[in-house]
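Geometric and topological summary
Here is what each chain is made of, one letter per residue.
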Amino acid sequence: MNDIDAWVWWLVGAAALGIPLVVTAMPEFGMLAVGAVAAAVAAALGLDAVLQVLVFVVVSVALIAVVRPIAARHSRQRPQLATGIDALKGRQAVVLERVDGSGGRIKLAGEVWSARALDTGRAYEVGQEVDVVDIEGATAIVI
């Protein structure tokens, strides 16, 4: 054990921390592995064992304190790319058959959709542009 330098042991520890990172997908293990690499650099520079452990702890805690909240904030955000019916909300469509509170037809994103007016007392005539505010089943709700 004395024949192997301390920096090698720190790198072995970093690799060992990388295994649960891959298996569990917990980024904290990756941050601890980076701390172990920093401690390996400290050992290679000739710092004593206490300072190596201190470097490991400081770097690991700093990464967890800074990176973890940022990652949590990003995981709570909705994707920027809307798909499916969410991508159709807010788009404009052209009335193909008169649209009122009971129904009608529009051309939306190159497809013909059944539609109905959000305001049941309002009607939209053929050729008029409308905005899609919601999709209920296969019916677009327009204003």
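For the structure, see preceding data.
A word on the environment of Gly-46
You can see Gly-46 is positioned in the loop between α2 (27-44) and α3 (49-76). Sequence separation between Gly-46 and Ala-6 is 40 residues, and the spatial gap between their C-alpha atoms is 9.4 Å.

As for the sheet that holds strand β1 (residues 92-100)
The sheet built from 5 strands closes into a barrel, its strands ordered β1-β2-β3-β5-β4 with mixed pairing. Averaged over all adjacent pairs, the angle separating strand axes in this sheet is 50°, with direction ignored. Sheet topology places strand β3 (residues 111-117) next to strand β5 (residues 139-142); 4 bridges connect them, and they run parallel. Looking across to β5, one finds that Ala-115 is bridged to Ala-140.

Quick word on a nonpolar patch on the surface
On the surface, Trp-7, Leu-11, Val-37, Val-41, Leu-45, Leu-47, Leu-51, Leu-54 and Val-58 cluster together into a nonpolar patch covering about 780 Å² of accessible area. A total of 3 residues in the nonpolar patch trace back to one element, the largest contributor, which is α3. Within the secondary structure layout, Trp-7 lies in helix α1 (residues 6-24).

Rules and cut-offs
Residues numbered from 1 in each chain as written. Predicted model: local features only at pLDDT ≥ 70, side-chain atom pairs only at ≥ 80, totals over all residues. Heavy atoms only, no water. Helix = DSSP H or I, 4+ residues; strand = E, 2+ residues; numbered from the N terminus. Pairing = 2+ DSSP bridges. Axes fitted to C-alpha atoms, helices over the stretch in contact; angles between N-to-C directions. Patch = residues over 30% accessible without salt bridge, like charges linked within 9 Å, V, L, I, M, F, W, Y side chains within 5 Å. Areas by Shrake-Rupley, 256 points an atom, 1.4 Å probe, with all protein chains shown as cover. Salt bridge = Lys/Arg side-chain N within 4 Å of Asp/Glu carboxyl O.

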